[in-house]
Amino acid sequence: MALSGKRILLIISGGIAAYKSLDLIRRLRERGASVRPIMTKGAQEFVTPLAVGALAADHVFTDLFSRQDEQDVGHIRLARDCDLVLIAPATADLMAKAAHGLADDLASTVLLATDRPVLAAPAMNPKMWAHPATKRNIETLQHDGIRFIGPAAGEMAESREAGTGRMAEPLEIVAAADSLLDDGPKPLTGRKAIVTSGPTHEPIDPVRYIANRSSGRQGHAIAAALARLGADVTLVSGPVTIPDPAGVRVVHVERAEEMRDAVLAALPADVAVMVAAVADWRVASAADQKIKKHPGESIPTLALTENPDILKTVGHHTTRPKLVIGFAAETQDVEANAKVKLDRKGADIIVANDVSPATGVMGGTRNSVKLVSRDGVEQWPDLSKDEVAERLAAMISEQLMRG
Ligand code: CTP
């Protein structure tokens with residue numbers, strides 16, 4: 001746990017997600033970090049400094065011009081006497097200020113004055129997140145070296161609206177902070193990895209699509225684990241509700257063809273791990289308009305056509321990564337099917353898992369896998385998807401180092 005003994009300067013800005021920051025403080029402290037809170041004026045409308053201070057067991061800093069605070073600590077020291085500046089929730093307003101170097105309150109001043117790593121967990125209405133101004137600001141901040149965790153998709157706390165904008169869950173923020181502070185060995189430094197994750201959505205018409213139950217958890221965990229070992233990771237993700245992992249370049253796509261294009265654009269790489277549950281087929285000609293039902297007329301049939309096989313394309317590509325790893329989702333004859341896939345798709349390793357409904361793998365948090373390669377079959381014990389990711393990343397690093 002990289003968080004143990006670390007000093008976190010937590011900036012809470014004014015959004016409804018500030019209620020989750022209380023839990024975040026507890027989770028950070030449980031892991032041995034100390035938390036020094038700064039609250040913006042807006043934040044204090046949502047949660048009280050009393051609650052924040054009690055959970056953090058520290059003074060809550062709120063005012064740039066507090067004579068007492070300036071005497072005791074001072075905003076420059078506040079900005080530097082920490083191992084990580086964490087903004088949760090990070091509102092559109094605070095990020096706009098930070099992107100432009102404004103410093104008209106304590107939070108924005110600290111962000112301008114700090115020389116420490118900064119991790120932001122944005123939270124806002126989906127329309128605000130999608131606004132070109134916010135997008136520009138996020139890009140600027142990313143360019144300045146600020147890291148982001150989330151936002152995730154889902155229903156908003158304050159309205160019935162759904163979309164991307166919900167703050168990442170406290171435990172996800174903790175994991176992102178932990179990996180950012182992790183100064184463990186980085187054997188994959190200088191290596192490039194491509195990971196696919198999640199399902200694909202294949203449109204039937206503008207409102208309907210074909211999908212599957214993949215959550216993206218396994219693929220996202222692998223991308224994060226590779227990044228922790230120092231790899232330069234491009235994660236090509238289908239539509240998922242979990243947040244983007246920290247420290248990873250994420251390309252969001254919907255359809256298999258888009259996923260293939262994004263993967264090919266990310267080549268060359270040292271390793272490709274294809275975890276996405278790509279739809280094998282798409283509707284041959286998706287309708288431009290919503291398909292209506294007309295009483296008395298026959299029920300429509302969907303003509304399907306085959307999607308590109310991304311793993312196979314990469315496995316046989318002229319700039320094939322040194323190591324190509326695929327997943328096999330099987331409900332029967334797991335091992336035999338994986339062996340066939342290994343050859344057909346030009347992969348070095350197939351991670352085979354049994355996705356029969358009884359196993360709860362699809363959409364769940366645990367995984368029991370078999371690694372099938374030309375050297376044989378290795379059965380791994382029942383592990384969490386994070387543990388599978390850790391092991392796989394370690395194995396990838398070993399294999400790449402072997403030359
Ligand atoms: N895969 C891919 N592109 C596709 C289909 C699958 O890249 N169009 C990749 C998956 O990411 C996974 C592997 O291929 O790494 C195996 O996918 P799976 O669905 O198990 O195998 P299929 O090739 O679809 O074979 P089948 O449906 O017959 O099991």
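Our structure's up above, just so we're on the same page.
Note that the structure is a prediction, hence the values are computed from the model and not measured. (Residues numbered from 1 in each chain as written. Predicted model: local features only at pLDDT ≥ 70, side-chain atom pairs only at ≥ 80, totals over all residues. Heavy atoms only, no water.)

Peer 1: Just give me the short version of the site of the ligand, but keep the residues and values in it.
Peer 2: In the region of the ligand, 15 residues are neighbours, and Met 274, Ala 276, Leu 311, Phe 327 and Lys 345 sit closest. Ala 276 places a polar main-chain atom, nitrogen or oxygen, 2.7 Å from an oxygen atom of the ligand. In the model, a nitrogen atom of the ligand is placed 3.0 Å from a nitrogen or oxygen of the Ile 310 main chain. In isolation the ligand has 570 Å² of accessible area, and contact with the protein removes 79% of it. Counting residues per element, the ones that place at least two in the shell around the ligand are α13 (310-315) and β16 (323-330). (Near = heavy atom within 4 Å. Polar contact = N/O pair within 3.5 Å; in protein donor to acceptor, adjacent residues only side chain to side chain. Areas by Shrake-Rupley, 256 points an atom, 1.4 Å probe, with all protein chains shown as cover. Helix = DSSP H or I, 4+ residues; strand = E, 2+ residues; numbered from the N terminus.)

Peer 1: Go over the sheet that holds strand β4 (residues 118-122) with me, naming the residues and quoting the values.
Peer 2: If you trace the 5 strands from one edge of the open sheet to the other, you get β2-β1-β3-β4-β5, paired in parallel fashion. Of all the strands in the sheet, the pair left with one neighbour each is β2 (34-39) and β5 (147-148). Running over the sheet, helix α3 (residues 49-56) touches β1 (7-12) and β2 and is turned about 165° from β2. Of the strands in this sheet, β1, β3 (84-90), β4 and β5 are in contact with helix α6 (residues 92-100), which crosses β3 at around 135°. (Pairing = 2+ DSSP bridges. Contact = heavy atoms within 4.5 Å. Axes fitted to C-alpha atoms, helices over the stretch in contact; angles between N-to-C directions.)

Peer 1: Can you break down the packing of α6 against helix α7 (residues 106-113) residue by residue, with the values?
Peer 2: In the contact formed by α6 and α7, the axes pass within 9 Å of each other and the chain directions differ by 40°. It follows that α6 is oblique to α7 by the angle criterion. Here α6 and α7 pass one another in a crossing that is right-handed. In this structure, α6 contributes Leu 94, Lys 97 and Ala 98 to the contact, and α7 contributes Ala 107, Ser 108 and Leu 111. A class-by-class count of the residues in the contact of α6 with α7 yields 4 nonpolar, 1 polar and 1 charged. (Parallel < 35°, antiparallel > 145°, perpendicular 65-115°, else oblique. Left-handed = near helix turned anticlockwise from the far one by under 90°. Nonpolar A, V, L, I, M, F, W, Y, C, P; charged D, E, K, R; others polar.)

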